[in-house]
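What the coordinates show
So the chains spell out like this:
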Amino acid sequence: MLFNKLPEDLFVPFSGQNRHIYQTVLIELADLFFDEDLIEPFIAKDLVRSTIENAVVRIGLRKWQREAEDTEDDYQPPRSTAEYANRIYRRLVSTGWLEEEQQIYKSYVLMAPSNSYLLRSLVAIAKMEKRSYGGAVLNVLSSLEAAINDPEGRGITLQEAAQSSAEFSAHLTDMLLGLRELKISLAQSTSPQEIVRQFFDTFVEQILVSDYKTLKTKNNPFRFRRQIISLLRDLQFDPIKLEKLINHYQLQFENDYLDAEAMVHTHINRIIRIFDSVDKRLDSIDDFRYKLEKRVADTIRYMDKTSPGMASRLSRLISAVAKNPLLLDQQPITQLENSGFLSPSSIRSPIRRKIQVAPRVIHQQIIDPKVLELRELFKSYKERREVRVDRIENYLHRHLSPGKSLSAEQFSIESIEDYICFSYIRHLASLGKRGKATHEKYQIEFKDNYTEVDDMVVCRDFTIHSTKQGSK
């Protein structure tokens, strides 16, 4: 596998005492060989040598150690920067990192594709740049939408979505393993300053993703997870688009129909499987993160706390016990707890993690039809009992002609609406602006006797007249 692609002595420079020098030189050469403005992959030999010399000057000549293959009899330490650069250059050529090529009168240096890919990976590991959850998820979503919307022209983006998902899954695994290693390292450390330094240098700067906080907010990048899974589920049951994707794969990869079909379903299932399990993996990461933050928080809390005079008190106690071993049996040590040295109040209670509520199925509540019918009857009854000025005015128009007068006993009450309207004739002025406007159209004269109206209401008798304003 690897031995058929890479030279056998490729990692020899990294196994000697000068491995840090070779690492720095190769990182400098990576900037040279991977330059975006580079049109051809052939670099002039003089430019490569000068780049190595600049790296040697920056490192310092005193850091060079004798190589393992240098014998004591023939070994002579380099005397100048050029000799150091020449020795490093020859070592990189002999181990297969660099290859020379002669074109007419010029010498060029190039790097094999497998070596170039390996160097890019090593540089990425050295830099250990933080990843973005939101960017990875959106990249998968955009590639997936492009493949589904245009399967004949852009179906190959389904493969890109699967690759991005696999890289994202590998990043989650690397993050979990990095947290585990950091947890073990912090547990073995006894220096509070070292614990805090490792937490910020390793966890915050290298392991923690740049938008980790957004996972707990409304703009959670995983809000697109359900959309991704939904698109893929729909695609699995869409034979027309699947047929177009398979034909596109067959054209792009130049294979037969069955192989293209297998590739399409493999990529779809891979994305679904990754995003289906992402919640459980994030829970594991959050559990490790909680333990790390708790340990560091406790370390910071107790880093500067001391008990005045405790060292001298313990020294006197140890001296007394050394003179009389039976002292502890005669006088058990209990006063330290009373003084707060190990009091329960000094132990910090851990912050509880917020447990996510498990999703539950919401069933639609079925209401009894009799209850709905009763609601409608009650609503109708309430509406009939509502006091409205327009109803009172229509009631008066129905009984009282313009310019006429009418006594109380001449009114008729045939329904609950008529009962409400008759009851509020005498109180029109108290029903707001519209009630006052209707009241001004009529004049009511009350009498001293009581009368019964339509065998329903007994009230003080009155006579109502229609005014001139009401007759117009």
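Residues numbered from 1 in each chain as written. Predicted model: local features only at pLDDT ≥ 70, side-chain atom pairs only at ≥ 80, totals over all residues. Heavy atoms only, no water.

Residues Ile367, Val371 and Leu372 make up a contiguous nonpolar surface patch of roughly 210 Å² in combined accessible area. With respect to the helices and strands, the residue valine 371 is situated in helix α16 (residues 369-384). What makes valine 371 partly exposed here is its relative accessible area of 36%. (Patch = residues over 30% accessible without salt bridge, like charges linked within 9 Å, V, L, I, M, F, W, Y side chains within 5 Å. Areas by Shrake-Rupley, 256 points an atom, 1.4 Å probe, with all protein chains shown as cover. Salt bridge = Lys/Arg side-chain N within 4 Å of Asp/Glu carboxyl O. Helix = DSSP H or I, 4+ residues; strand = E, 2+ residues; numbered from the N terminus. Buried < 20%, exposed > 50% of the residue type's maximum accessible area, 1.4 Å probe, protein only.)

Mapped onto the elements, serine 466 comes out in strand β6 (residues 457-466). Taking C-alpha positions, serine 466 is 5.9 Å from proline 402, a pair spaced 64 residues apart along the chain.

Moving on: the confidence of the model for the protein chain. Of all residues in the protein chain, 78% have pLDDT values of 70 or greater, and the mean over the chain is 77. Note that pLDDT drops below 50 for residues 336-351; the model gives that stretch 18 contacts with residues more than four away or on any other chain. (pLDDT = per-residue confidence, 0-100. Contact = heavy atoms within 4.5 Å.)

Bridge analysis of strand β2 (residues 99-103) against strand β3 (residues 106-110) gives 5 bridges, and the strand direction is antiparallel. Within β3, the position partnered with glutamine 102 by the bridge is serine 107. Connecting the antiparallel pair β2 and β3 is a turn made up of 2 residues, with isoleucine 104 showing a positive phi of about 60 degrees. (Pairing = 2+ DSSP bridges.)

The next point concerns the sheet that holds strand β4 (residues 405-407). Strands sit in the order β4-β6-β5 across an open sheet of 3 strands; the sheet is antiparallel. The sheet is open, and its two edges are formed by β4 and β5 (442-453), each paired on a single side. Each strand axis lies, on average, 20 degrees off the axis of its neighbour in the sheet, ignoring direction. Bridge analysis of β4 against β6 gives 3 bridges, and the strand direction is antiparallel. From the neighbouring strand, serine 405 faces β6, where its bridge partner is histidine 465. (Axes fitted to C-alpha atoms, helices over the stretch in contact; angles between N-to-C directions.)

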